[in-house]
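# Structural features, examined
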Amino acid sequence: MSLSSSFQLDTETLVADSESTFRDRWASTAAAFVIAVHFIVFVVVGGWWYFIAPRLKQALDQPGQIVTSSQIFLIMQSDFIVNYWYVFAVAVPLLLVFDFQLIRYIGKEYRLSAAIASGVAIAMLYLAYPLAGSYILSH
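First, a word on what this report is: a plain description of the structure on this page. Computed from a predicted structure; not experimentally measured.

## Topic: the overall build of the protein
Along its length, the protein carries four helices and zero strands. Along the chain direction, N to C, the helices and strands of the protein fall in the order α-α-α-α. By the burial criterion, 24% of the 139 residues in the protein qualify as buried. Long-range contacts, defined here as pairs at least 24 residues apart, represent 81% of the contacts in the protein between residues at least 6 apart. Of the accessible surface of the protein, which amounts to about 9700 Å², a share of 71% is contributed by carbon and sulfur atoms.

Written out as structure tokens, the structure reads:
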């Protein structure tokens, strides 16, 4: 075995090791950032369910107003959140811990960009719900 070929093998392992330590080091930081964004999104979506959706529901209480099944479904969801808000006060911290573990795992095992992208995708899906709900309840 020549000296140059053994040097090349060592260089490849050093690059792979440095890449994996970089991911290990930054995976928790990226997961914490994503969890902070998810918490803010939860507050926004929960505020929509708790404060805005009931006001939109009052507009549907007029006599002769036609109410669709999707509007009834959103009203029932809003009523559930207003009446049982304490369930979410317990469930949200547990879900955020699971979310942190999942994002950190993706960051360590795959790529940090994949972890951040999955966190952004989840946040966008959560934020789309009040937008679609507002449209459904107002039309």
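## What to know about the nonpolar core
Within the largest apolar cluster, eleven residues are counted, these being Val-41, Val-45, Trp-48, Trp-49, Ala-53, Leu-60, Leu-74, Ile-75, Ile-81, Ala-123 and Leu-137. When contributions to this core are tallied by element, the ones reaching two or more residues are helix H1 (3-59), helix H2 (69-83) and helix H4 (112-138). When residues of this core are assigned to their parent elements, the largest contribution, five residues, is made by H1. Not counting the four nearest positions on each side in its chain, Trp-49 is found in contact with Pro-54, Leu-74, Gln-77, Ser-78, Ile-81, Val-82 and Tyr-129. By size, the runner-up hydrophobic cluster in this structure holds five residues, among which are Ala-31, Val-34, Ile-106 and Ala-115.

## Observations concerning the packing of aromatic side chains
Taken as a whole, this structure holds eight aromatic pairs when the rule is applied. Taken together, a centroid distance of 5.1 Å and an interplanar angle of 45 degrees make the contact between Phe-80 and Tyr-84 tilted. Their ring planes at 85 degrees and their centres at 6.4 Å tell us that Tyr-105 and Tyr-110 sit as a pair that is edge-to-face. Members of the aromatic cluster, connected to one another through ring pairs, are Phe-80, Tyr-84, Trp-85, Tyr-86 and Phe-88.

## What to know about the side chain of Gln-71
Tracing the chain through its elements places Gln-71 in helix H2. Within the structure, Gln-71 has its side chain in polar contact with the backbone nitrogen of Thr-68 (distance 3.0 Å).

## Let's talk about the layout of surface pockets
In this structure, the largest pocket encloses a volume near 720 Å³. Those elements giving two or more residues to the lining of the largest pocket turn out to be H1, H2, helix H3 (85-109) and H4. The biggest single contributor to the lining of the largest pocket is H3, with ten residues. Looking at side-chain class alone, the lining of the largest pocket contains 19 nonpolar, four polar and one charged residues.

## Side note on the packing of H3 against H4
In contact at an axis separation of 7 Å, H3 and H4 are set at 145 degrees when each is read in the N-to-C sense. Listed contacts from H4 to Asp-99, Ile-103, Ile-106 and Gly-107 of H3 are Leu-112, Ala-114, Ala-115, Ser-118, Gly-119 and Ile-122.

## So, the pattern of salt bridges
Once their charged atoms are close, side chains differing in charge can pair, the charge on each being opposite to the other. Here the structure, examined in full by the defined rule, presents one salt bridge. A salt bridge links Asp-79 to Lys-57, with the shortest nitrogen-to-oxygen separation between them at 2.8 Å. Residue Asp-79 is located in helix H2, and its partner Lys-57 is located in helix H1; the two are separated by 22 residues in the primary sequence. For Asp-79, a relative accessible area of 27% gives the class partly exposed. Residue class for Lys-57 comes out partly exposed when judged on its relative accessible area of 23%.

Rules used in this analysis
- Residues numbered from 1 in each chain as written.
- Predicted model: local features only at pLDDT ≥ 70, side-chain atom pairs only at ≥ 80, totals over all residues.
- Heavy atoms only, no water.
- Helix = DSSP H or I, 4+ residues; strand = E, 2+ residues; numbered from the N terminus.
- Buried < 20%, exposed > 50% of the residue type's maximum accessible area, 1.4 Å probe, protein only.
- Contact = heavy atoms within 4.5 Å.
- Areas by Shrake-Rupley, 256 points an atom, 1.4 Å probe, with all protein chains shown as cover.
- Core = buried A, V, L, I, M, F, W, Y, C linked by side-chain atoms within 4.5 Å.
- Phe/Tyr/Trp six-rings, centres within 6.5 Å; stacked < 30°, edge-to-face > 60°.
- Polar contact = N/O pair within 3.5 Å; in protein donor to acceptor, adjacent residues only side chain to side chain.
- 1 Å grid on protein atoms, 1.4 Å probe; cavity = no way out; pocket = protein on both sides within 12 Å on 5 of 7 lines; lining within 4 Å.
- Points joined across faces, edges and corners; volume = space filled by probe spheres on them.
- Nonpolar A, V, L, I, M, F, W, Y, C, P; charged D, E, K, R; others polar.
- Axes fitted to C-alpha atoms, helices over the stretch in contact; angles between N-to-C directions.
- Salt bridge = Lys/Arg side-chain N within 4 Å of Asp/Glu carboxyl O.

From the geometry alone we can't say anything about function, so treat these as descriptive.
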